[in-house]
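Reading the structure
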Amino acid sequence: MVIVLFASLLFALGQPSGKEKIHVFLRSFFVLILILSAFGVLNENVIKPALKYARPSHAYIITHTKSGVNLDSLYTIDLIKRKLFFQELLASDTVNFKAIDRRILNHWVEEAGYSFPSGHSFNAFMLGSILAFSIYHSGIRKKWLYVIPLFWACLVGLSRVAIGAHSALDVSVGAGMGLIISHTLIGIRLTRKLITPKRLDVKI
């Protein structure tokens, strides 16, 4: 949400009048939110359940607690019960997870759904690409600044693997999907106008 607000604000600041600033901000904000929300619903309710990839963190918990539970069977129970199950397993083991930060353990419990592909990576690379395009074509002299949102997107992807929430494959595919969607939106004149200001409506 913070990145969407920042992107929309960036698009709006370059407009000549207050009315145009508000118009561009609202248009960019709601279009980006709509795209991210649509993918989020599709990913969590259709793509992930269809592909059925278990999270690395879940496999780690099951292996190290030696609970003997089958992961495939575990994903068939209600989400709330699944979270409670992982929470109880972590609470009952005071040895294997002692060195892991409590915030990461809590994240493992909250992220109780399937793993593939990574929604965080999709969001980061889609927004990062749109921001990079906008910065590069904004008329500023320091065009190299466009690498900053792309670098941020890479850090998001790396962080998802580092905390055990996703595998490298999850992140790579999620990032690839984000890049494809962002370049498709930017490459089509009509959709590009909905996201970026008119002054950024350039040929790519």
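Up top is the structure.
What you see is a predicted model; the values in this text were computed from it and never measured.

A tally of regular secondary structure across the protein chain gives 10 helices and 0 strands. Along the first, second and third principal axes, the C-alpha atoms of the protein chain reach 60 × 30 × 30 Å. Considering the protein chain as a whole, with its 204 residues, one finds that 40% of them fall into the buried category. For the protein chain, long-range pairs separated by at least 24 residues make up 72% of all intrachain contacts whose partners lie at least 6 apart in sequence. Here the protein chain has roughly 11500 Å² of accessible surface; of this, 68% comes from carbon and sulfur atoms. Averaging the positions of the 23 positive and the 11 negative side-chain charges in the protein chain gives two centres separated by 14 Å.

To continue, consider the nonpolar core. In terms of nonpolar packing, the biggest core is built from 20 residues, with Leu-32, Met-126, Ile-130 and Ile-195 touching the most fellow members. Counting only elements with at least two residues in this core, the list comes to helix H1 (2-13), helix H2 (18-51), helix H7 (119-136) and helix H9 (168-187). Of the residues forming this core, the biggest block, 7 residues, is contributed by H2. Apart from the residues within four sequence positions on either side, Leu-32 is in contact with Val-4, Ala-7, Ser-8, Met-126, Leu-127, Ile-130 and Ile-195. Counting 13 residues, the second largest nonpolar core, distinct from the first, contains Leu-71, Leu-74, Phe-86 and Leu-105.

Here we take up the side chain of Arg-55. When you line up the elements, Arg-55 lands in the loop between H2 and helix H3 (56-65). Polar side-chain contacts of Arg-55 include one of 3.0 Å to the side chain of Glu-111. At 2.8 Å, the side chain of Arg-55 and the backbone oxygen of Ala-165 are in polar contact. If we skip the residues at most four places from it in the chain, Arg-55 touches Lys-48, Tyr-75, Glu-111, Gly-113, Tyr-114, Ser-115, Arg-160, Ala-165 and His-166.

Moving on, we get to the side chain of Arg-160. One can find Arg-160 in helix H8 (residues 147-162). Beyond its immediate stretch of four places on either side in the chain, Arg-160 contacts Arg-55, His-107, Glu-111, Ser-118, His-120, Ser-121, Ala-165, His-166 and Val-171.

A separate point is a nonpolar patch on the surface. Together, Tyr-136, Trp-144, Tyr-146, Val-147 and Ile-148 give the surface a local cluster of nonpolar side chains, amounting to about 490 Å² of exposed area. Topologically, Val-147 is positioned in helix H8.

This part covers helix H5 (residues 79-92). Its 14 residues give H5 an end-to-end C-alpha distance of 20 Å, which sits within 8% of 20 Å, the value for a rise of 1.5 Å per residue. When H5 is considered as a whole, its buried residues turn out to be Arg-82, Phe-86, Leu-89 and Leu-90. All buried residues of H5 fall inside an arc of 95 degrees around its axis, so they share one side. More than 90 degrees from the buried face of H5, the exposed residues found are Ile-80, Lys-81, Ala-91 and Ser-92. Where H5 is buried, its residues touch H3, helix H4 (71-74) and helix H6 (102-110). The N-cap of H5, judged by a side-chain oxygen 3.0 Å from the amide nitrogen of Ile-80 a few residues on, is Asp-78.

Where H7 meets H9, the axes come as close as 7 Å, and the angle between the chain directions of the two elements is 35 degrees. The handedness of the crossing between H7 and H9 is right-handed. Here Ser-121, Phe-122, Phe-125, Met-126, Ser-129, Ile-130 and Phe-133 of H7 lie close against H9, whose contacting residues are Val-171, Gly-174, Ala-175, Met-177, Gly-178, Leu-179, Ile-181, Ser-182, His-183 and Ile-186.

By the definition in use, this model includes 8 aromatic pairs. Judged by centre distance (3.5 Å) and plane angle (15 degrees), the ring pair of Phe-39 and Phe-122 falls under stacked. One end of the pair, Phe-39, is in helix H2; the other, Phe-122, is in helix H7, with 83 residues separating them in the sequence. Grouping residues by exposure puts Phe-39 and Phe-122 together as buried. Relative to Tyr-114, the ring of Tyr-75 lies with its centre 4.4 Å away and its plane at 20 degrees, an arrangement referred to as stacked. Residue Tyr-75 is found in the loop between H4 and H5, and its partner Tyr-114 is found in the loop between H6 and H7; the two are separated by 39 residues along the sequence.

Scoring rules and cut-offs
Residues numbered from 1 in each chain as written. Predicted model: local features only at pLDDT ≥ 70, side-chain atom pairs only at ≥ 80, totals over all residues. Heavy atoms only, no water. Helix = DSSP H or I, 4+ residues; strand = E, 2+ residues; numbered from the N terminus. Buried < 20%, exposed > 50% of the residue type's maximum accessible area, 1.4 Å probe, protein only. Contact = heavy atoms within 4.5 Å. Areas by Shrake-Rupley, 256 points an atom, 1.4 Å probe, with all protein chains shown as cover. Lys, Arg positive; Asp, Glu negative; His and termini not counted. Charge placed at Lys NZ, Arg CZ, Asp CG, Glu CD. Core = buried A, V, L, I, M, F, W, Y, C linked by side-chain atoms within 4.5 Å. Polar contact = N/O pair within 3.5 Å; in protein donor to acceptor, adjacent residues only side chain to side chain. Patch = residues over 30% accessible without salt bridge, like charges linked within 9 Å, V, L, I, M, F, W, Y side chains within 5 Å. Salt bridge = Lys/Arg side-chain N within 4 Å of Asp/Glu carboxyl O. Expected span 1.5 Å × (residues − 1). Arc of directions from axis to C-beta. Axes fitted to C-alpha atoms, helices over the stretch in contact; angles between N-to-C directions. Left-handed = near helix turned anticlockwise from the far one by under 90°. Phe/Tyr/Trp six-rings, centres within 6.5 Å; stacked < 30°, edge-to-face > 60°.

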